[in-house]
Amino acid sequence: MNDSDLLVAIMGATGSGKTSFINVASGSTFGVGEGLVSRTEAVQTTHAFHVDGRSVRLVDTPGFDDTTRSDFDILRTIADHLTSSYKAGKSLAGVIYIHRISDIRMSGIARKNFRMFRKICGDSTLRNVVIMTNMWGSVEPSIAEAREAELASGELLFKPVLEAGATMLRHSGTSESAHDVLRHIIQNHGGPLVLDVVRQIEIEHKGLEQTDAADACRDEMAKEADRLHREEMEKVQREIEAALKQQEEEARRRIEEEIRRHREEAERAEAEARRAAEEMRRQREELKRQMHAAQERAREEARRAQEEYERQRRHREWEARCAAKRAEREQRELQARIDEERRRREQEDSDDEGCTVQ
Ligand SMILES: Nc1nc2c(ncn2[C@@H]2O[C@H](COP(=O)(O)OP(=O)(O)O)[C@@H](O)[C@H]2O)c(=O)[nH]1
Ligand SMILES: [Mg+2]
């Protein structure tokens, strides 16, 4: 590497398009990530290429959202590289921070990357920092322009760095556009930039842990721990609520089941009572019917007995009449025999008077 090469560091979240920008600007073929999937990235520097007759090299840096490394590891990787370059006398001409204009809003990861970028650079170097927006082709131009204006005016977004000397530029995706951005940095180059993290380590002789960037890193990690803790607490809370809800649900189901059982029992008892009443009514009807039949039978029997009695009475009367007639006849016969006997005696007596006893 030639000492007169201008180094430009490219920073931004993973997936923001750092490597793509570097490839299109320098003709390199560094590996480009797929979407937002985080890849373990190292710091890598391109070969030298020319912009407006100046020899430029671009430094690709990992974003602070690597899934396999801590933010502190990433900071160490970047800081080690930058301090080595500084010690080797290589001149950092500027820094490009990339932000996707296609993002609907600035995500937590994007904000974290921006905060880390600010602490790594510090305020004094902002005069040659470019906030570069890309992916303009993915958004309706009017929407993208409105977003750009919002990013440039937001107190928590890019406004403070723009006010402190940084410039906001667009990258359309072509090498021309990439060179325009680099041209701005070259033209603005007024001597080597010593980033805060490098100054604190190499000039103030602080350990990496004592740098502002390390502080920011700890803040970020604390925030992350806080977020995870909050998420964990929210998850526990949700689980408790879900468990309570389930308990309530089960209690409600039990009560409903109890009510249903009671209702069924009541309905059964009611049906039973209805059946018993019906049975009683039926038995009463039957009894009435039987009583009626018995009365009928008794009346019939009485009628028959009366008839029988009448018949027997008539029969006895007839017998009595017969007996009376017979008795009358026998009396007459007896009277006749008596009369006969009397006549016969009188005859005999008269006969006896006519004849003398000898
Ligand atoms: N549409 C569009 N996609 C881009 C652009 N730059 C990068 N990408 C895509 O964004 C994804 C991440 O890009 P990459 O360069 O790996 O991002 P890095 O993680 O910051 O290095 C890849 O799928 C790229 O193809 C761009 O200017 N326009
Ligand atoms: Mg990359």
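Bear in mind that the values here come from a model prediction, so they are computed numbers and not experimental data.

Moving on, we get to the environment of R337. Its location among the elements puts R337 in helix 8 (residues 212-354). For the pair formed by R337 and M106, sequence separation is 231 residues and the distance between their alpha carbons is 164 Å.

Right, let's talk about the packing of helix 1 (residues 18-26) against helix 6 (residues 175-188) for a bit. Between helix 1 and helix 6, the shortest axis-to-axis distance is 8 Å and the interhelical angle comes to 95 degrees. Taken together, the axis directions place helix 1 and helix 6 in an arrangement best described as roughly perpendicular. Of helix 6, the residues touching helix 1 (which contributes F21, V24 and A25) are S175, A178, H179 and L182. Grouping the amino acids of the contact of helix 1 with helix 6 by side-chain chemistry returns five nonpolar, two polar and no charged.

With that settled, consider unusual backbone geometry. With a phi close to 60 degrees, M135 is a non-glycine residue in the positive phi region. Following the sequence through the fold, M135 ends up in the loop between strand 6 (129-134) and helix 4 (141-153). The exposure class of M135 is partly exposed, given the 19 C-beta atoms found within 10 Å. For H205, which is not glycine, the phi dihedral falls at a positive 55 degrees.

What follows is about the site of ligand 1. Close to ligand 1 lie 17 residues, the nearest being G17, K18, T19, S20 and G33. Considering each element in turn, the shell around ligand 1 owes the most residues, three residues, to helix 1. Grouping the constituent residues of the shell around ligand 1 by class yields two nonpolar, 13 polar and two charged.

A word on the pairing of strand 1 (residues 6-11). Most of strand 1 sits inside the fold, with six of its six residues counted as buried. Here strand 1 shows no split at all, with L6, V8 and I10 on one side and L7, A9 and M11 on the other all buried. Both strand 1 and strand 4 (residues 54-60) contribute to a ladder of five bridges, which runs parallel. Residue pairing across strands places A9 opposite V59, the latter belonging to strand 4. Bridging between strand 1 and strand 5 (residues 91-100) involves six bridges; their strand directions are parallel. Paired with I10 across the two strands is I96, which belongs to strand 5.

Quick notes on the rules
- Per-chain numbering applies: the sequence of each chain, read as written, is numbered from 1 onward.
- Chains carry letters and ligands carry numbers; both start at the beginning, A for chains and 1 for ligands, and go up in the order they are written.
- Where totals are concerned, whole chains, interfaces and linings use all residues; where local detail is concerned, this predicted model gives features only for residues with pLDDT of at least 70, and gives and counts side-chain atom pairs only at 80 or more.
- By the criteria applied, helices consist of DSSP H or I runs no shorter than four residues and strands consist of E runs no shorter than two, each listed in order from the N terminus.
- Note on geometry: axes are C-alpha line fits, over the in-contact stretch for helices, and angles between N-to-C directions span 0 to 180 degrees.
- Angles below 35 degrees are treated as roughly parallel, those above 145 as roughly antiparallel, those between 65 and 115 as roughly perpendicular, and all remaining angles as oblique.
- Here contacts are defined at the residue level, using C-beta atoms placed from the backbone and a cut-off of 7 Å between them.
- Ten residue types, Ala, Val, Leu, Ile, Met, Phe, Trp, Tyr, Cys and Pro, are classed as nonpolar, four, Asp, Glu, Lys and Arg, as charged, and the remainder, Gly among them, as polar.
- Labels follow a simple rule on C-beta atoms placed from the backbone: if 20 or more others lie within 10 Å of a residue's own, it is buried; if 12 or fewer, it is exposed; otherwise it is partly exposed.
- Nearness rests on one distance test: the residue's C-beta atom, set from the backbone, must lie within 6 Å of the molecule or strand.
- Here, a strand pair is defined by DSSP locating no fewer than two bridges between the strands.

Without other data, these values stay purely geometric and don't point to any function.
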